[in-house]
Amino acid sequence: MRKLSGIFLVGLCLGAIGAVVLTASHSGPPAAEAVAVAEPLTTMSDSPPSTPTPTPTPSASKSATPTPKSAPKVDAAEVDRLMASGTVSAVVFDRERAAATVSVRADRGYTSASLVKLLIALTVLERGGPTASVQRMLSRSDDDLASRFWAAYGGPAIVTRWAGKLGLTGTRAPEDPGRWGDTRITARDVVRIYQYVLEHAPGAIMAALRAANERGSDGFRQYFGIPDAAAGRPWAVKQGWSCCRPTRMLHTSGVVGDGDRYIVVVLSEHPASVDYATGSKRVTAIVSALLG
């Protein structure tokens, strides 16, 4: 019995050692179990799993930030080259991007000529004046109507009031209160006026600018600048021209593109020796460059 008991004990010991060996061979390291559990928890979260982003190389970073398609295509030097003589200011404001893509001498002052009719129109319509007459004043650039409205609705106070309301920092009433065309303006301020007209003014104003006649009430051809340069794109304009105290002014302003996307303003002052035909061609060439 002692021998058998010894053999039995030895057998028990060998069996226990075998069980330990078998158990060790089927158990994995704790780290492996933690990974296996973490993966399904991540995929069950409310947000999708993040994908590691490799650090871009310098060349990849450059290609990831392409130049916007509506970036300025001209600078002051190019605008001045097309102008040849005199002074020009230009602003193109992209309403979709809410930013100016071109800005050349935006705060330089000019005599407004007929661009002040935009402020006259805002005043008359705001006070319930005759819509049809306002539209005729704008689309035909009718000076007689402008003079009547100017006298009836406050004269220089029209300019002062709108300059304060819209924050027109470079707009001034004329020194001679009877000469509405001598109102001082800047390209930046004209852009602000269009922003207000597009967003807040009665639709009658934009309807008149879309229906601008090729010839003004004085017979002047007012399709220079934006209309001649639009190249089939929709447009609406208010133009301005005057001479000679002591220089010649030729201004084109309005909107271009689907949805009135671009506000375009080009103000130009030419020597009196430059005739209207030559000045008009120069302004059209500048707008063509701006619009690409």
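In this text, all values refer to a predicted model and were calculated from it rather than measured experimentally.

1. Structural notes on the state of the cysteines
Within this structure, the stated rule accounts for 1 disulfide. The side chain of Cys243 participates in a disulfide bridge whose partner is Cys244; the two sulfur atoms lie 1.5 Å from each other. With the S-S dihedral at roughly 80 degrees, the linkage between Cys243 and Cys244 falls on the right-handed side.

2. Digging into helix α12 (residues 276–291)
Over its 16 residues, α12 extends 22 Å from the first C-alpha to the last, a length consistent with the 22 Å expected when each residue adds 1.5 Å. For α12, the set of buried residues is Gly279, Ser280, Arg282, Val283, Thr284, Ile286, Val287, Ala289, Leu290 and Leu291. Summarising the contacts, the buried residues of α12 are in contact with α4 (76–83), β1 (87–94), β2 (99–104), α11 (226–229), β6 (248–256) and β7 (262–270). Where α12 terminates, the next one or two residues include Gly292, which has phi positive at roughly 70 degrees.

3. Digging into helix α10 (residues 203–210)
Restricting attention to buried positions, one finds in α10 the residues Ala204, Ile205, Met206, Ala208 and Leu209. In this fold, the buried residues of α10 make contact with α5 (117–126), α6 (131–139), α9 (187–200), β5 (235–242) and β6.

4. Describing the environment of Thr252
Relative to the elements of secondary structure, Thr252 occurs in strand β6. Judged by its relative accessible area of 0%, Thr252 falls in the buried class. For the pair Thr252 and Ser280, spaced 28 residues apart in the sequence, the C-alpha separation amounts to 9.5 Å. Discounting chain neighbours no more than four positions away, the residues touching Thr252 are Phe224, Gly225, Ile226, Pro227, Lys238, Gln239, Val264, Val265, Val266, Val283 and Val287. Here Ile226 takes part through its backbone nitrogen, which lies 3.1 Å from a polar atom of the side chain of Thr252. Within the local environment of Thr252, its side chain forms a polar contact with the side chain of Gln239, the two groups lying 2.8 Å apart.

5. A word on the sheet that holds β1
Read across the sheet, 5 strands follow the order β2-β1-β7-β6-β5 without closing on themselves; strand pairing throughout is antiparallel. Edge strands, defined here as strands with exactly one partner in the open sheet, are β2 and β5. The average angle at which neighbouring strand axes cross in this sheet is 5 degrees, direction not considered. Sheet topology note: the β1/β2 ladder contains 5 bridges and is antiparallel. Residue pairing in the sheet places Phe93 in a bridge with Ala100 of β2.

6. Re the side chain of Thr111
With respect to the helices, strands and loops of the structure, Thr111 is situated in strand β3 (residues 110–111). At 3.3 Å, the side chain of Thr111 forms a polar contact with the side chain of Arg184. In this view, Thr111 contacts Gly181, Asp182, Thr183, Arg184, Met249 and His251; residues no more than four positions away in its chain are not counted.

7. Focus on the pattern of salt bridges
Applying the stated criterion to the full structure yields 15 salt bridges. In this structure, Arg188 and Asp107 form a salt bridge, with 2.6 Å as the shortest nitrogen-oxygen distance. Taken as a pair, Arg188 in helix α9 and Asp107 in the loop between β2 and β3 lie far apart in primary sequence, 81 residues in all. For Asp107, a relative accessible area of 47% corresponds to the partly exposed category. When the shortest N-O distance is used, the salt bridge between Lys165 and Glu126 registers 3.6 Å. Highlighted residues: Lys165 in helix α8 (residues 156–166) and Glu126 in helix α5, separated in sequence by 39 residues. Under the relative-accessibility criterion, Lys165 is labelled partly exposed at 43%. On the basis of relative accessible area, Glu126 is assigned to the partly exposed category, the value being 39%. Within the structure, one salt-bridge network assembled from shared partners comprises Asp94, Glu96 and Arg261.

Analysis parameters
Residues numbered from 1 in each chain as written. Predicted model: local features only at pLDDT ≥ 70, side-chain atom pairs only at ≥ 80, totals over all residues. Heavy atoms only, no water. Disulfide = S-S within 2.5 Å. Helix = DSSP H or I, 4+ residues; strand = E, 2+ residues; numbered from the N terminus. Expected span 1.5 Å × (residues − 1). Buried < 20%, exposed > 50% of the residue type's maximum accessible area, 1.4 Å probe, protein only. Contact = heavy atoms within 4.5 Å. Polar contact = N/O pair within 3.5 Å; in protein donor to acceptor, adjacent residues only side chain to side chain. Pairing = 2+ DSSP bridges. Axes fitted to C-alpha atoms, helices over the stretch in contact; angles between N-to-C directions. Salt bridge = Lys/Arg side-chain N within 4 Å of Asp/Glu carboxyl O.

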